[in-house]
Amino acid sequence: MTTELAKKEQRAPVSAERTRGGVTYNPRIDILEAEDELLLLADLPGVEPAELNIRYENKELMIEGKVAPRQGDVRYLYNEYGIGDFYRQFTIGEAIDAEKISAELKHGVLTVHLPKTDAVRPRRIPVQGG
Amino acid sequence: MFTRRWEPMAEVWSEMGHLQEEMNRLLGRLGNGTRALFAPAYPALNVWEDEQNVYVEAELPGLDMDSVEIYVHNGNQLSLKGERKEPADLKGTWHRRERNYGRFARVFELPYAVEADKVAAKFHNGVLLIQLPKREEAKPRRIEVRVS
């Protein structure tokens, strides 16, 4: 079975309306295809569960995490990384059972389970001996 | 963009990396496949201060207090060590692998001497914040100016 997992990596798209200025980051992700589901892991450090927005629509999975500034107005002695919102969007070729998608955010790592619909799950066909 | 990289290497790479960077600067050479040695130090740090404390913050998604060791040596050498373990029970085909696993270590020279035994650290949503109280002699002092 071939899997089409076309990706649309983009920074905040023009169509998405943003009320707050600042930089948007592309989170690092892993995607694993198991027999019965796609598993997505994303690093979203600093994102509060309430500030995380995940949407699946028309084969598009969108992940958006808002990150409020953590340091206010400090002057950094060393500034090796930036802090900002996370955004990433994928097109998922597999048939996904949208009703059963589940997600969990723990220690800044998002885990999304995307169960395949029964139709695309591999099935073992029993062969009858003659 | 994040340009940082997890290195599943022992701490020796960090030192080697510094040397290599120095060499590269001297020789004006670009990467030649020894990728690990060109990786920026991990974790990336943000450092700031107020009158009483120095603060160090690092993004370490997936880690918690049990998986990180924090030490202060010689008054101002902050050492961060840890490991992000790869989940062992995942079976299937990886379509994308951008997140890295493994051990990391970094030694960072703080701009001030700090009270090593009063260092406080906390994790929140994969972000580590370390608060390091400055030693008395490092705190700013108001100098009275007498007008004669």
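An account of the accompanying structure is given in this report. What you see is a predicted model, and the numbers here were worked out from it, not measured in a lab. (Residues numbered from 1 in each chain as written. Chains lettered and ligands numbered in written order. Predicted model: local features only at pLDDT ≥ 70, side-chain atom pairs only at ≥ 80, totals over all residues. Heavy atoms only, no water.)

## As for the sheet that holds strand E4 (residues 37–43) of chain A
How we decide: In this description, strands pair whenever DSSP reports at least two bridges between them. To qualify as a helix, a DSSP run of H or I must reach at least 4 residues; to qualify as a strand, a run of E must reach at least 2; elements of each kind are numbered from the N terminus. Fitting a line to C-alpha atoms yields each axis, with helices limited to the stretch in contact; the angle taken between N-to-C directions then spans 0 to 180 degrees.
The antiparallel open sheet is built from five strands, whose spatial order is E9(A)-E10(A)-E4(A)-E3(A)-E5(B). A single partner strand is all that each edge strand has here, and the edge strands are strand E9 (102–106) of chain A together with strand E5 (93–97) of chain B. Between one strand and the next, the sheet's axes are offset by a mean angle of 15°, whatever the strand orientation.

## Quick word on the packing of aromatic side chains
Just so we agree on the cut-off: Think of it this way: a Phe, Tyr or Trp ring, Trp meaning its six-membered ring, pairs with another when their centres are within 6.5 Å, and the plane angle makes it stacked under 30 degrees, edge-to-face over 60, tilted otherwise. Accessibility here uses a 1.4 Å probe with only protein chains present; expressed as a share of the type maximum, an area under 20% marks a residue as buried, one over 50% as exposed, and anything in between as partly exposed. Look at NZ for Lys and CZ for Arg. If either is within 6 Å of the ring centre and within 35 degrees of the ring normal, a charge sits over the ring.
This model, assessed by the stated rule, comprises five aromatic pairs over all chains. Ring centres of Tyr25 of chain A and Phe86 of chain A lie 6.5 Å apart, and the angle between their planes is 55°; this geometry places the pair in the tilted category. In this pair, Tyr25 of chain A sits in strand E2 (residues 24–25) while Phe86 of chain A sits in strand E8 (residues 85–91), placing the two residues 61 residues apart along the sequence. On the basis of relative accessible area, Tyr25 of chain A is assigned to the buried category, the value being 9%. According to the relative accessible area criterion, Phe86 of chain A is buried, its value standing at 2%. Clustering of aromatic rings is evident, with ring pairs tying together Tyr76 of chain A together with Trp48 and Tyr55 of chain B. If you follow Arg97 of chain B out to its NZ or CZ, it ends over the ring of Trp94 of chain B, 3.8 Å from the centre. Sitting above the plane of the Tyr112 of chain B ring, Lys134 of chain B keeps its charged end 4.3 Å from the centroid.

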